[in-house]
Amino acid sequence: MIRSHLAVRMAEQRKKIIDVARDTGIDRTTVGKLYHDKLKKLDLVVLDRLCVYFGCEVSDLLERVPDE
């Protein structure tokens, strides 16, 4: 299972879902689903935009954890 750390990144920079969506051009629904760890598929362009926006690596946003 892949777990998102977007909520952590956003909290560190005190960003809201709407801020990230507006600033990156990513659909608000996509940001919201990733924030709540409910997104099933992630486009690489979206992942790249988030990495650039937060100044981080992919591994800072996503983590693979064993299935429960």
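In the block above lies the structure referred to throughout.
The structure reproduced in this document is the subject of the present report.

What counts, and at which threshold
- Residues numbered from 1 in each chain as written.
- Predicted model: local features only at pLDDT ≥ 70, side-chain atom pairs only at ≥ 80, totals over all residues.
- Heavy atoms only, no water.
- Buried < 20%, exposed > 50% of the residue type's maximum accessible area, 1.4 Å probe, protein only.
- Helix = DSSP H or I, 4+ residues; strand = E, 2+ residues; numbered from the N terminus.
- Contact = heavy atoms within 4.5 Å.
- 1 Å grid on protein atoms, 1.4 Å probe; cavity = no way out; pocket = protein on both sides within 12 Å on 5 of 7 lines; lining within 4 Å.
- Points joined across faces, edges and corners; volume = space filled by probe spheres on them.
- Nonpolar A, V, L, I, M, F, W, Y, C, P; charged D, E, K, R; others polar.
- Salt bridge = Lys/Arg side-chain N within 4 Å of Asp/Glu carboxyl O.
- Polar contact = N/O pair within 3.5 Å; in protein donor to acceptor, adjacent residues only side chain to side chain.
- Axes fitted to C-alpha atoms, helices over the stretch in contact; angles between N-to-C directions.
- Parallel < 35°, antiparallel > 145°, perpendicular 65-115°, else oblique.
- Phe/Tyr/Trp six-rings, centres within 6.5 Å; stacked < 30°, edge-to-face > 60°.

Details of helix α2 (residues 17–24)
Reasoning step 1: Listed in full, the buried residues belonging to α2 are I17, D19, V20, A21 and T24.
Reasoning step 2: Those residues of α2 hidden inside the fold are in contact with α1 (6–12), α3 (28–35) and α4 (44–54).
Reasoning step 3: The first or second residue beyond α2 is G25, which carries a positive phi of 80 degrees.

Quick notes on the layout of surface pockets
Reasoning step 1: Roughly 180 Å³ of volume is contained in the largest pocket.
Reasoning step 2: M1, I2, S4, L34, D37, L39, K40, K41, L42 and L62 together form the lining of the largest pocket.
Reasoning step 3: Its residues assigned to classes, the lining of the largest pocket shows six nonpolar, one polar and three charged.

Things to note about the pattern of salt bridges
Note that side chains of opposite charge can pair when their charged atoms are close.
Reasoning step 1: Under the counting rule described, the total for this entry stands at five salt bridges.
Reasoning step 2: Linking D19 and R22 is a salt bridge whose minimum nitrogen-to-oxygen distance equals 3.1 Å. Pair noted here: D19 and R22 are both in helix α2, with a separation of three residues, about one helical turn.
Reasoning step 3: For R22, a relative accessible area of 56% puts it in the exposed group.

Structural notes on the side chain of S4
Reasoning step 1: When you line up the elements, S4 lands in strand β1 (residues 2–4).
Reasoning step 2: Only 3.1 Å separates the side chain of S4 from the backbone nitrogen of L6, close enough to count as a polar contact.
Reasoning step 3: Apart from residues lying up to four places away in sequence, S4 is in contact with L34, D37, L61 and L62.

Topic: the packing of α2 against α4
Reasoning step 1: In the contact formed by α2 and α4, the axes pass within 11 Å of each other and the chain directions differ by 105 degrees. Here α2 is positioned roughly perpendicular relative to α4, judged by the angle of their axes. Between α2 and α4, the residues in contact are D19, V20, D23 and T24 and R49, L50, Y53 and F54, respectively.
Reasoning step 2: Across the contact of α2 with α4, the residue classes break down as four nonpolar, one polar and three charged.

Side note on the packing of aromatic side chains
Reasoning step 1: By the definition in use, this model includes one aromatic pair.
Reasoning step 2: Here the aromatic rings of Y53 and F54 are separated by 4.9 Å at their centres, their planes lie at 85 degrees, and the arrangement is edge-to-face.
Reasoning step 3: Using a relative accessible area of 21% as the deciding quantity, one classes Y53 as partly exposed.
Reasoning step 4: F54 sits in the buried class, given a relative accessible area of 7%.

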